[in-house]
Amino acid sequence: MPRLFVVSGPSGVGKSTILRKLVPRVPGLSFAVSHTTRPKRAGERDGRDYHFVTDEEFDRLVKEGAFVEWARVHLHRYGTSKEALRAGGTDDLLIEVDVQGADALREQVPEAVTIFIKPPAFEDLETRLTGRGRESGPEVEKRLETATGEMRRAASYDHRITNDRVEDTVERLQELVERVRE
Ligand code: 5GP
């Protein structure tokens, strides 16, 4: 059975950058590609970062029972499909979900290893979210509001890693994965 590494952390903490660097460094580790109704950002690729779908398509997948878990996060819907868990074959899987998704996965796969990535300070999230200029004002507000709630849930994860420097964080995550596999 492939192991599941479930990673959460507030928007703006740098999760995507970290996970994208981690995957190629760890043989036998694949990224589970989620579905989302959020619009694609510049630099993102359909099928690599997410499966980008319409609201209607997402509704259809929910009705078909295609998801292991799905949730409304910020202003959009996101879900982990059964297919995404199969796509990695025998590889261990890295799954990026919000705190609701982590709750659902923990329940269904109790042996899943859960990891929460924290910012060095809450203010860093605001700096990053406004600095990257990717989200609109209301979207940034929404993400910061969600982040407050998410940070309170950090204690329910098996491991917590503070993202001081991306390279260090990637290394600590790699060590963690290797330790769990031993
Ligand atoms: P973003 O829009 O910044 O890519 O992601 C927003 C949030 O959705 C992040 O907290 C991310 O972890 C979460 N997310 C991404 N994929 C999934 C998923 O499949 N399920 C759930 N529950 N959350 C997800």
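Not measured: the values here are computed from a predicted model.

A. Structural view of the sheet that holds strand β1 (residues 4–8). Spatially, five strands are ordered β2-β7-β1-β8-β9 in an open sheet, and the strand pairing comes out parallel. Each edge of the open sheet carries a strand with a single partner, namely β2 (29–31) and β9 (159–162). Between one strand and the next, the sheet's axes are offset by a mean angle of 25°, whatever the strand orientation. Helix α1 (residues 15–25) contacts β1, β2, β7 (92–96) and β8 (113–118) of the sheet and is inclined by roughly 170° relative to β7.

B. Looking closely at the site of the ligand. Taken together, 17 residues lie around the ligand, and Ser34, Arg38, Tyr50, Glu69 and Tyr78 are the ones closest in. Within the side chain of Glu96, one N or O atom sits 3.0 Å away from an oxygen atom of the ligand. At 2.7 Å, a side-chain N or O of Asp98 approaches a nitrogen atom of the ligand. Elements represented by at least two residues in the shell around the ligand include exactly β5 (67–73) and β6 (76–81).

C. Main features of the packing of aromatic side chains. Under the definition given, this model contains five aromatic pairs. Aromatic pair Phe58 and Trp70: ring centres 5.8 Å apart, planes at 75°, arrangement edge-to-face. Here Phe58, found in helix α2 (residues 55–64), pairs with Trp70, found in strand β5; they are 12 residues apart in sequence, far enough to count as distant. Classification of Phe58 by relative accessible area gives buried; the value is 0%. Looking at Trp70, the relative accessible area reads 38%, which means it is partly exposed. Taken together, Tyr50, Phe52 and Tyr78 form an aromatic cluster joined through their ring pairs. A cation over an aromatic ring shows up here: Arg77 above the ring of Trp70, its NZ or CZ 5.8 Å from the ring centre. Geometry around Tyr157 places Arg106 over its ring, the cationic atom sitting 4.9 Å from the centre.

D. Structural view of the pattern of salt bridges. Throughout the structure, instances matching the rule amount to 23 salt bridges. Between Arg48 and Asp49 there is a salt bridge, with its nearest N and O atoms 3.0 Å apart. If you follow the salt bridges from partner to partner, you end up with Arg38, Arg41, Glu44, Arg132, Arg134, Glu135, Glu139 and Arg143 in one network.

E. Spatial organisation of the pairing of β1. The element β1 is extensively covered by neighbouring structure, given that five of its five residues are classed as buried. Burial along β1 is two-sided: Leu4, Val6 and Ser8 facing one way and Phe5 and Val7 facing the other are all buried. As judged from the four bridges shared by β1 and β7, these two strands associate in the parallel manner. Looking at β7, one finds that Val6 is bridged to Ile95. Relative to β8, β1 runs parallel, the two sharing four bridges. Its bridge partner being in β8, Val6 is matched across the sheet by Thr114.

F. Main features of the side chain of Gln174. Relative to the assigned elements, Gln174 resides in helix α7 (residues 166–181). Given a relative accessible area of 15%, Gln174 falls into the buried group.

G. Just the packing of helix α5 (residues 122–131) against helix α6 (residues 137–151), in detail. Relative orientation of the contacting elements α5 and α6 amounts to 155°, with a least axis distance of 11 Å. With respect to α6, the element α5 is oriented roughly antiparallel. Handedness of the α5/α6 crossing: right-handed. Each of Phe122, Leu125, Glu126, Leu129 and Thr130 in α5 lies in contact with α6, whose residues at this interface are Val140, Arg143, Leu144, Ala147, Thr148 and Met151. Tallied by class, residues from the contact of α5 with α6 come to seven nonpolar, two polar and two charged.

Rules and cut-offs
Residue positions are counted from 1 within each chain, in the order its sequence is given. Restriction of local features to residues with pLDDT of at least 70 applies here, the model being predicted, together with a cutoff of 80 or more for giving and counting side-chain atom pairs; totals for whole chains, interfaces and linings are based on all residues. Water and hydrogen atoms play no part in the side-chain values, which are based on all heavy atoms of the structure. Here a strand pair is declared whenever DSSP counts at least two bridges between the two strands. To qualify as a helix, a DSSP run of H or I must reach at least 4 residues; to qualify as a strand, a run of E must reach at least 2; elements of each kind are numbered from the N terminus. Here an axis means a line fitted to C-alpha atoms, over the contact stretch when the element is a helix, while the angle between two N-to-C directions is reported on a 0 to 180 degree scale. Residue contacts are counted whenever heavy atoms from the two residues lie within 4.5 Å of one another. Throughout, the term near means that a residue has one or more heavy atoms lying within 4 Å of the molecule or strand in question. Throughout this description, a polar contact denotes any pair of N or O atoms lying within 3.5 Å of each other; where both atoms belong to protein, one of them has to be capable of donating a hydrogen while the other can accept it, and for residues adjacent in sequence the pair is counted only when both atoms sit in side chains. The rule is short: rings of Phe, Tyr and Trp, with Trp giving its six-membered ring, pair when the centres are within 6.5 Å, and they are stacked under 30 degrees, edge-to-face over 60, tilted in between. Only protein chains enter the area calculation, which uses a 1.4 Å probe; residues under 20% of their type maximum are buried, those over 50% are exposed, and those in between are partly exposed. We call a charge positioned over a ring when the NZ of a Lys or the CZ of an Arg lies within 6 Å of the ring centre and within 35 degrees of the ring normal. In the sections that follow, a salt bridge refers to a side-chain nitrogen of Lys or Arg positioned within 4 Å of a carboxyl oxygen of Asp or Glu. Roughly parallel here means an angle under 35 degrees, roughly antiparallel means over 145, roughly perpendicular means 65 to 115, and every remaining angle is called oblique. Note on convention: near helix rotated counterclockwise from far helix by under a right angle means a left-handed crossing. Clockwise means right-handed. Under the scheme applied, nonpolar residues are Ala, Val, Leu, Ile, Met, Phe, Trp, Tyr, Cys and Pro; charged residues are Asp, Glu, Lys and Arg; polar residues are all the others, including Gly.

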